[in-house]
Amino acid sequence: MQNKLKILVPTDFSFSAENAFRHAILMADQMKADISLIHVVNPDLAVIDVPVAIEIAMTEKMKIANQKLFELTSRILSQTVQQIKNVPVILTKIEMGNPEAVINQFAKEHEYDFICIGTRDEHGAIDKILGSVAANVIKKAPCPVFVIPEYAAYRKTTLVTYATNFIETDPYEIWRVSKLLEPFHPIIRCVHFTEFEEKQNTSLNMEKLKTFFSENAPALQITFHEIATENKLDSMLEFLNTFETNLLVTYQPHRNYWQRLMHRSFTKKMALESKTLILVLRGK
């Protein structure tokens, strides 16, 4: 018997986190997955050197959080129950510590298939769009991460865009996405944007991707697009709108400190400009 998929949903009880939880329930219905809703209580640094005070403060915080988790689960389930056929098993968990570290460690230890996390849309600053916790979860997540913009309405994930940079693992990553989204019968559009006069120093190209999938996965609904552009972000937004994309998939390779420092994250830009859901695949 195949193991059920497991979805981890972090919550800080904000509107954006509620929206991510709502999306997770609707996805879990189609995927027949289980959900764990986790809230991480950050220790009160003001009383960290006073053991008795911190114990009292943390006990009270965890008691309040437990009640909020119960109320949140009941409310969102009541809002979605008419839209689903399979009510998912929902477990709630309260942990203590640094939120992004706890979330990623929990996901790793319990082998979650993906994390579903909400992003805030406020004041136009990129860090606030993703939120510091969400951004750090994405950077170090041990599994794929669904990034849910704060005001994104749920749509069945059938029209998928995979943004490729022609890395060697693309065939595997595209296949992995197709298996994860198999219950939705996705149509996948693999797209690469080439800036004018940009040279590709890679052994993989669009023709090789086409050949690979025609020979190894002929039943997969996938098309391939290569677009020359002066502005990758604008071209991507136009592409997503033209094909009414439900989900943008990006692959985030492992980067060392200096690469992370210099790299301008395309995913953050997309979260700023688009209300499309983003699935971030993490490199080892």
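Within each chain, residue numbers correspond to sequence positions counted from 1 in written order. For a predicted model such as this one, the threshold for reporting local features is a pLDDT of at least 70, and the threshold for listing and counting side-chain atom pairs is 80 or more; totals across whole chains, interfaces and linings nevertheless cover every residue. For the side-chain quantities, the full set of heavy atoms in the structure was used; hydrogens and water were omitted.

(A) A look at the sheet that holds strand E6 (residues 159–163). Two strands pair if DSSP finds at least two bridges between them. The helix and strand labels rest on DSSP assignments: H or I over at least four residues marks a helix, E over at least two residues marks a strand, and numbering proceeds from the N terminus. Spatially, E3-E2-E1-E4-E5-E10-E9-E6-E7-E8 is the arrangement adopted by the 10 strands of the open sheet, whose pairing is mixed. Bordering the open sheet on either side are strand E3 (90–96) and strand E8 (222–229), each of which pairs with just one other strand. Between one strand axis and the next, the sheet turns through 25° on average, direction left out of account. Contacting strand E1 (6–10), strand E2 (34–41), E3, strand E4 (114–119), strand E5 (145–149) and strand E10 (277–282), helix H1 (residues 15–31) crosses the sheet at an angle of about 145° to E4. For this analysis, residues touch if any pair of their heavy atoms sits within 4.5 Å. Structural elements are reduced to axes, namely lines fitted to C-alpha atoms, with helices fitted over the stretch in contact, and the angle between N-to-C directions of any two is expressed from 0 to 180 degrees. Its contacts with the sheet put helix H8 (residues 232–242) on E6, strand E7 (187–195), E8 and strand E9 (247–252), and the angle it makes with E7 is roughly 155°.

(B) Region of interest: the side chain of Thr-276. Mapped onto the elements, Thr-276 comes out in the loop between helix H10 (266–273) and E10. Aside from chain neighbours lying at most four places away, what touches Thr-276 is Pro-149, Leu-240, Thr-245, Asn-246, Leu-247 and Leu-248.

(C) Up close: unusual backbone geometry. In this model, Phe-13 sits at a positive phi of 70°, which is unusual for a non-glycine residue. Within the secondary structure layout, Phe-13 lies in the loop between E1 and H1. For Glu-244, which is not glycine, the phi torsion reads 50° and is therefore positive. Looking at the secondary structure, you find Glu-244 in the loop between H8 and E9. Whether a residue is buried, partly exposed or exposed follows from its accessible area with a 1.4 Å probe, protein chains only, as a fraction of its type maximum: under 20%, in between, or over 50%, in that order. For Glu-244, a relative accessible area of 52% translates into the label exposed.

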